[in-house]
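In case you want the letters, here they are:
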Amino acid sequence: MANDQEIHDRLARVEEIIEQLDADECDLDEGTRLHEEGQELLAEVREILDNGRGEVAELE
């Protein structure tokens, strides 16, 4: 997992969204909203990484 709190928080929320969608417990409107939120969060993570604000952690 990322060592940067900004990235970690966004990816944690994306994981929550995926779990909600996989559980198939939401209607189409809620699923669409969750999908859009996930896409926005992933775009933010890409921007953080592109701008070099993220910290790279080497895992052993």
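Our subject is the structure listed above.
Residues numbered from 1 in each chain as written. Predicted model: local features only at pLDDT ≥ 70, side-chain atom pairs only at ≥ 80, totals over all residues. Heavy atoms only, no water.

**Brief notes about the packing of helix 1 (residues 5-23) against helix 2 (residues 28-50)**
Argument step 1. At a closest axis distance of 9 Å, the pairing of helix 1 and helix 2 adopts a crossing angle of 155°. As summarised for this structure, helix 1 and helix 2 are arranged roughly antiparallel, according to the angle between their axes. Our pair here, helix 1 against helix 2, has a crossing hand that is left-handed. Packed against helix 1, whose contacting residues are Glu6, Ile7, Arg10, Leu11, Arg13, Val14, Ile17, Gln20 and Leu21, the element helix 2 presents Gly31, Leu34, Glu37, Gly38, Leu41, Leu42, Glu44, Val45, Ile48 and Leu49 at the interface.
Argument step 2. Looking at the contact of helix 1 with helix 2 residue by residue, the class counts come to 11 nonpolar, 3 polar and 5 charged. (Axes fitted to C-alpha atoms, helices over the stretch in contact; angles between N-to-C directions. Helix = DSSP H or I, 4+ residues; strand = E, 2+ residues; numbered from the N terminus. Parallel < 35°, antiparallel > 145°, perpendicular 65-115°, else oblique. Left-handed = near helix turned anticlockwise from the far one by under 90°. Contact = heavy atoms within 4.5 Å. Nonpolar A, V, L, I, M, F, W, Y, C, P; charged D, E, K, R; others polar.)

**Observations regarding the side chain of aspartate 4**
Argument step 1. One can find aspartate 4 in the segment before helix 1.
Argument step 2. No salt bridge is formed by the buried aspartate 4; its nearest oppositely charged neighbour, arginine 10, is found at 6.7 Å.
Argument step 3. Of note is the side chain of aspartate 4, whose polar atom sits 3.1 Å from the backbone nitrogen of glutamate 6. (Buried < 20%, exposed > 50% of the residue type's maximum accessible area, 1.4 Å probe, protein only. Lys, Arg positive; Asp, Glu negative; His and termini not counted. Salt bridge = Lys/Arg side-chain N within 4 Å of Asp/Glu carboxyl O. Polar contact = N/O pair within 3.5 Å; in protein donor to acceptor, adjacent residues only side chain to side chain.)

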